[in-house]
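This is what each chain is made of:
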Amino acid sequence: HYYITNNLSKLRHGLNRFSSVAMATTSHQEGTPKLEDVADQVSKIGQWKLKIVRDDRSAIQKKTFTKWINTYLIKVGQAVDDLYEDLSDGNKLITLLEILTGERLPRERGKMRFHNLQNVENSLNLLKRKKIRLVNIRNDDIVDGNPKLILGLIWTIILNFEISHDPEGQASAKATLIDWAKRATRGYKGVDVRNFTSSFKNGMAFNAIIHRFRPDIIDYDGLKPENAEKNLENAFSVAEEELGIPRLLDVEDFILDELDEKSIMTYLSAFNRMYSKVPSEEELAVKVYSDRINVDAKKILNWLKANIDRLEKKIYKMDPEMFEKYKADLKRIEDDEMPEKRELKDYLGDCYKNLKLAEAEDMITTDITHDKIENYWDMLEKSLADKKAAVQGEKDRINAQNELADRIQQKAEQAAAKLDQIKQMILHPPEEVCLSDLIQEAKQLLYNSNMEEDARAMYSGVSALMKENHPRADELSAEVQLVSDELDEIKVRLDTLHEDLEQGAIDQIDSRINDLMTQIQAKNDQLKEDGCGDNIQGALRILDNLLTLMDEVDALQQDITAVKAAVAENPRADVRQEAKLQDLDYEYSQLKSNCVTKDQDMREGVEFLEAIAELLKWGREQKDSEMKFDWSEYHPLEHPYEKGISKQQKKFDQLLNLGKQLLKTEHPMSRVIGEEVEELCELWTCLKDLACVAEKHIQHNNDYELFWKRLNNANMWITQKRNLLDTRYNAKCLDVVASSERLQELVDMKKDIIGYDPNIVEIANLGKIVVNLSKRKMPKSGERVLALCPFKRAGPNGNVDHRHDIISRGEECLYISSTAVDLWRIKKGLSPPPKVNGHHGNTPNSNGPGNFSSGLVTEVPSCIFTTLPPDEECLNESEKTGSDYQALKVSYDRQRGYLKHVMVKHEFFSNCDVVLTWPYDKNFEAELRGRELVITNLKEAGEGLIVEADNHPNSDKTDILERQNAALDHWDFLLKMHKNKTSALSDLEAKVEGFDKDVDDVVARFAVVVITPDNIGPAEKSLDKILKDIVAMVDYGDELDERIHKESDDTCAEDFQPLINKLYRVQVKLSKFHPTCEAKARCVGRLMALQDLLQNVMVTLENVSDTLADMHLYPLEVERVAEDIKKLQLISEDLVGEDESIIEIESIREELEVILKDSPLLVEIGHLLDKRDTIFIEIDQRSQILSGDSEPGIAHYDVSIARALHWLEDAEGKLRKEQLQPSFKLRYQLLTVLRSDVTLKVCLFEDLKEAQEQVISSSDAYEVLLENYRNTFPITSPSKGLGDTTARSLAKKEGDAVHEQYFRIKEDVNRLVLVNEERYKSYERLQEELDLFL
């Protein structure tokens, strides 16, 4: 963003300069515009644009190279921020080379310049030892921060250590990288790699390269060539995040029309280093299979394991609903997930088969086999089937347990009912039944119902349910235990009754207990009959009766205690008497509890009713007092009635909440409490309405008081300001200084007057809305009044009529008369009257919607009404105050205007006096525009004062005219003197301007002189003419300088100073241009010498280039290898012979670069030197391949062949010799030795195979090298030797012969080994038989 913005600003600046020059030339007074000037500006704009492009490319290279260096320096905790500055001391450059080469370099630790130079020199020496050519790069260039040479050095390092993986190389790094990119993007739609610039501009090529090697991380089909920025961002982000390739480039780098080739090559080299081999279509298909297996096999196996573990670990609870969920879960796995996973499993099986057929099983990185997946699949199916069966079995078991629980429940209920029947029969026997018969009947019922056997069966079933943790086991256990307890209790009771039959002595005790039970029951009945009363008096009466009853209940306690003592003294009355005493205690405790509860309820209700009665009494008193209050004589700021309501509000809220709570809990006195609460709520609503009425009357009174207070304050303030204006600010008795002070005071007073506007507006608004309470004393008959709250009529018994309100809130009525101070006779209207100016009208006889002629006449308390505004007295007073305030503003403006007139007149006189003091001196020209403005303002001020003088009788118009005329006359005299000096200055300015144009014309003529080999003669003549013109111009400039100094004097020296400075600048420009012109003239001679040198070197390079391009393919004979090596040595010697010429050419180029910066000749020299370096590299690479320095060549292969044939012939001779041996033992020993020798010599044939493969590999590399060179430098004059087709055919035949010879030797060796093994095994069998025989 920075360099784009910077370059756009540069280009915009150039276009603005072009436009300004064109406009200035067009508007020139002397005639039409000069086309030469316009063309010159267009040419400069073109040069600026070229410079911007070069700067942009340099900036991109700088950024890319900086990022590349930091990818290595970050390994040692270092980084480069500014490439030109951070490499100047040589330390980081040494660190970078140590990382790249793995070698340690000497390093200077000082900070002086010579230390930095030595560090950089050590780095350059390392590169030279690595046979890396450094063209015109010295240590001082790097230390001084030369951008061009620093970028060139880093590019050389990248080219040799990053792009070319082998520093000694096999082919051109650029050609190899472009060929790799073509193969990597072959077949991709929208990608055609031809270069490192435009082919990568839309980003499709980068995405294609990533997709070729990692199709799983790029959606190539979703990319579009027109979305260049999106494509580039996608490729750079994926490469950085997924592949770990640093982001050396940015999307902004591809906005330029001309991309930087070196930056793109640097970025692509990272992909080439990571994926040097481009896979074929078959390999890609195999990779798709392997990737699918590596990913999906893990996925399906994890899914199988997870489901198997889940099925094995899940614990099922005894809940039918949970079983249904489990069954649904199993169904989802079986019906929803397994079909999809089965398809994936079958597809993976096909992938395994395809990889097996392609013999690419080693590409599977995971250890998951298809058999393993099948095994886990079978395990899942088995687990699923087992779990389904287990779920169904569990459900059947739970159903059986539920049936058992139901049977136990049924039996327990039947037993409990039977036992309850027996218990009731025992506790409440009929009077006609004999006690002995009752006992016999109960025992017979127990025996016939098999109660004990059923209890044992129920205990057994409950135990079984408890073991299975059945949810109802505890409940059933409690019920069974209860049945057992009841059974035991009945047995005990029957035994007790049986004993009581034999004990007649305790009948009296039973009679006393029964009597006490009767008394308790009677008192319970009395509690129910008494009730709670219909009112507070009845409640108090019932409360007194209750206290008497409670005393009687307490007396029964003594009788009960006596009965208990009698039972305790009788040893045979334990069981039965204890049971009766328990019942007696229970009934007595119930009676006691009922008495206490009723006592509490009655006391609570009575206390609540008494509190409500007290509050009702207070409320009625307050209501009566407020209804009779006379508001016409009451003028307080607040009313005590509202405070009384506020104080009682908390008590009212508490009683209301308590009453609601009692009603909610269905209190025995709910009816009475509800009536009292309702009456209290109605009274409190009325009191609230009266409080609002009081608040409204108080507000009316306060507004009325506030209105008169503010009205009086405003009248006093207006009177004070008017008196101040009439006395203190009287201009007739003030001088100039006092007038200035009073004027400033008036400015401050204006703020006060304007700030008082809100007060006047507020008074006017209050005058319209205030209500005069004193008029309530004697209202006018027929006047409209407004109801402030609703009013309801009371019935004959004092209760309020709830059917409707007599008067509604906000209703307007018609006042008729006053029957008393607190009672008004009013007439209601049938409908509301129309509003007039926002208020209801006060016309009593109006006809229409608000007519009162047929309304209801009634008497109502006067306190609920208020009279309607406005009040005429208040309205008139507020209007009078507003008029006085406006009159004050008019008086202020008149007084302030006259003071300003006096101040302006004195300032005018002062300005006239200043003009009369102006001299004509050297500063006159500089102050001319300012003084003209002063004169203009002086004229306007005088005219304004004369007009204002007519409005102010105290102002003197004659004095103003005299002062103004004197100042203007003095100004006319000064202008005449200035005109004479200006004419001489204009003539000299025109001559200096012409001199400047002549110098620019010479500079323009010099700029169009281009020195090329074709126009040296014309250029020399043009430069001679320009030099003569320059000498003449120097003399003319000196003459102009002498005349300008002669014309200037002390009074106007500063006027001539800009002209002197301009002439000086033109002379300086001419003096700087003169040496440049002379230097360019000297370049002509150097160019003539350079032409001859270039011609000789170019002829030599063309011959050498054609010879290299015309050489045949890789030779497969030792003699031909030696011939080609010798031929390459002769070519190298020819190139070395031109070293002196090359040095001279480089020296001349350095001199010409200062003058001819972007000349095509310099570019041609650079191409020539690059071609010479490329030819040197080509010779080195071919020599390495032919001589076998990097790997064995054809000579090594011939030696290996000879050794193999010699050994094979020797082995066959030994085999024949073995057959001729006379004894079995000697033949066996000879075969044993031969067999060992065969085993040891197997490595000989492995070396032979390796040598044969290396020869074929060298041949292929040599062919690629030659093809790339021919593409770079086409043959200009082909030789008459073998053509490309013939040479390739011959090379193929020779290669086939090498293969055939190798395989023939291999067959002979295999045959020899086979015969040797067969004979050896035969002799071994004979030896075993011989040993057995012996």
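All values reported here derive from a predicted model rather than from experimental measurement.

(A) Region of interest: the overall build of the chain. Along its length, the chain carries 36 helices and seven strands. For the chain, buried positions account for 39% of its 1334 residues. Long-range pairs, those at least 24 residues apart, make up 77% of the contacts in the chain with a sequence separation of at least 6. Total accessible area on the chain stands at roughly 75,800 Å², and carbon and sulfur atoms take up 52% of it.

(B) Local environment of the packing of aromatic side chains. The tally for this structure, following the rule as stated, stands at 23 aromatic pairs. Between W180 and F213, the aromatic rings sit 6.1 Å apart at their centres with planes inclined by 10 degrees, giving stacked as the arrangement. Of this pair, W180 sits in helix α8 (residues 173-185) while F213 sits in helix α9 (residues 204-213), placing them 33 residues apart in sequence. Residues W180 and F213 agree in their burial class; the two are buried. Taken together, a centroid distance of 5.3 Å and an interplanar angle of 80 degrees make the contact between Y267 and F271 edge-to-face. Separated by four residues within a single helix, Y267 and F271 lie in helix α11 (residues 261-274), roughly one turn from each other. Note on Y267: relative accessible area 1%, which makes it buried. The class for F271 is buried, based on a relative accessible area of 2%. An aromatic cluster of at least three residues, connected via ring pairs, comprises F196, F200, F206, F236, F254, Y267 and F271. One residue, R931, lies across the ring of W918, its end atom 4.9 Å from the ring centre.

(C) Spatial organisation of empty space enclosed by the protein. This structure, assessed with the given rule, holds one cavity of 30 Å³ or more. Taken together, I60, L249, D253, F254, L259, D260, S263 and I264 form the lining of the largest cavity. Class assignment for the residues of the lining of the largest cavity results in five nonpolar, one polar and two charged.

(D) Layout of the pattern of salt bridges. Going through the model one piece at a time under the given rule, you end up with 36 salt bridges. Among the salt bridges present, the one from E98 reaches R104, with a minimum N-O distance of 3.7 Å. Here D1029 ties to K1025 by a salt bridge, and the two come within 3.1 Å at their closest N and O atoms. Here K1025 and D1029 lie together in helix α28 (residues 1016-1047), a separation of four residues that amounts to about one turn. The buried category is assigned to D1029, whose relative accessible area is 18%. Within this structure, K63, K67, E233, R247, D250 and D253 form a network of salt bridges that share partners.

(E) View of the environment of L985. Residue placement: L985 occurs in helix α27 (residues 957-1007). Given a relative accessible area of 14%, L985 falls into the buried group.

(F) Representation of the packing of helix α4 (residues 91-101) against helix α5 (residues 113-129) within the structure. Packing of α4 against α5 leaves a shortest axis separation of 8 Å and a crossing angle of 25 degrees. In terms of orientation, α4 and α5 fall into the roughly parallel class. Here α4 runs over α5; the crossing is left-handed. Between α4, through N91, L93, I94, L97 and T101, and α5, the contact on the second element is made entirely by N119, S123, L126 and L127. Taken together, the residues that form the contact of α4 with α5 break down as five nonpolar, four polar and no charged.

(G) Here's a closer look at a negative patch on the surface. A contiguous patch of negative charge, built from D1035, D1038, E1039 and E1042, is present on the exposed surface. Looking at the element boundaries, D1038 is found in helix α28.

(H) A look at the sheet that holds strand β7 (residues 865-867). One open sheet holds the five strands; their spatial order is β6-β3-β2-β1-β7, and the pairing between them is antiparallel. Looking at which strands have only one partner, the edges of the open sheet turn out to be β6 (857-861) and β7. Pairwise comparison of adjacent strand axes, ignoring direction, gives a mean angle of 50 degrees for this sheet. Relative to strand β2 (residues 812-820), strand β1 (residues 784-787) is paired through three bridges, and the arrangement is antiparallel. Its bridge partner being in β2, L786 is matched across the sheet by E812.

(I) Inspection of the nonpolar core at higher detail. If you look at the biggest cluster of nonpolar residues, it comprises 76 residues, and the most contacted ones within it are F200, F206 and F271. Setting aside residues up to four positions removed in sequence, F206 forms contacts with F200, L232, A235, F236, L249, F254, I264, Y267 and L268.

(J) Quick peek at the packing of helix α22 (residues 670-727) against helix α24 (residues 757-769). At a minimum axis separation of 10 Å, α22 and α24 run at an interaxial angle of 145 degrees. The interaxial crossing formed by α22 with α24 has left-handed handedness. Contact with α22, carried on its side by L706, F707, R710, L711 and A714, involves I760, E762, I763, L766 and G767 of α24 and no other residues of that element. In terms of residue class, the contact of α22 with α24 is made up of seven nonpolar, one polar and two charged.

(K) Structural detail: unusual backbone geometry. Across the junction of P869 and P870, the peptide omega takes the value 5 degrees, indicating a cis bond. Tracing the backbone through its elements, the reader meets P870 in the loop between β7 and α25 (872-916).

(L) Quick peek at the confidence of the model for the chain. Considering every residue of the chain, the mean pLDDT works out to 75; 72% of them sit at 70 or more. This model gives residues 795-803 a pLDDT under 50, and the stretch forms eight contacts once residues within four places in sequence are excluded. Here residues 1277-1284 is a poorly scored stretch, pLDDT under 50, and it has seven contacts once near neighbours within four places are set aside; other chains count.

(M) Highlighting the environment of Q537. One can find Q537 in helix α19 (residues 536-569). On a C-alpha basis, the gap between Q537 and V606 in space is 9.1 Å, while along the polypeptide they are 69 residues apart.

(N) A look at the pairing of strand β3 (residues 823-828). Strand direction decides the pairing type here: β2 and β3, joined by six bridges, are antiparallel. Within β3, the residue paired with L814 across the bridge is K827. With five bridges joining them, β3 and β6 adopt antiparallel strand pairing. Of the residues in β6, the one forming a bridge with I826 is T858.

(O) Inspection of the side chain of D689 at higher detail. Along the chain, D689 turns up in helix α22. Not counting residues up to four positions away in its chain, the partners in contact with D689 are C789, P790 and R809.

(P) Representation of the side chain of Q409 within the structure. Relative to the assigned elements, Q409 resides in helix α14 (residues 370-427). By relative accessible area, which is 14% here, Q409 ends up buried. Q409 has contacts with R472, L476 and E479, leaving out every residue within four places of it along the chain.

Cut-off values and rules
Residues numbered from 1 in each chain as written. Predicted model: local features only at pLDDT ≥ 70, side-chain atom pairs only at ≥ 80, totals over all residues. Heavy atoms only, no water. Helix = DSSP H or I, 4+ residues; strand = E, 2+ residues; numbered from the N terminus. Buried < 20%, exposed > 50% of the residue type's maximum accessible area, 1.4 Å probe, protein only. Contact = heavy atoms within 4.5 Å. Areas by Shrake-Rupley, 256 points an atom, 1.4 Å probe, with all protein chains shown as cover. Phe/Tyr/Trp six-rings, centres within 6.5 Å; stacked < 30°, edge-to-face > 60°. Lys NZ or Arg CZ within 6 Å of the ring centre and 35° of its normal. 1 Å grid on protein atoms, 1.4 Å probe; cavity = no way out; pocket = protein on both sides within 12 Å on 5 of 7 lines; lining within 4 Å. Points joined across faces, edges and corners; volume = space filled by probe spheres on them. Nonpolar A, V, L, I, M, F, W, Y, C, P; charged D, E, K, R; others polar. Salt bridge = Lys/Arg side-chain N within 4 Å of Asp/Glu carboxyl O. Axes fitted to C-alpha atoms, helices over the stretch in contact; angles between N-to-C directions. Parallel < 35°, antiparallel > 145°, perpendicular 65-115°, else oblique. Left-handed = near helix turned anticlockwise from the far one by under 90°. Patch = residues over 30% accessible without salt bridge, like charges linked within 9 Å, V, L, I, M, F, W, Y side chains within 5 Å. Lys, Arg positive; Asp, Glu negative; His and termini not counted. Charge placed at Lys NZ, Arg CZ, Asp CG, Glu CD. Pairing = 2+ DSSP bridges. Core = buried A, V, L, I, M, F, W, Y, C linked by side-chain atoms within 4.5 Å. pLDDT = per-residue confidence, 0-100.

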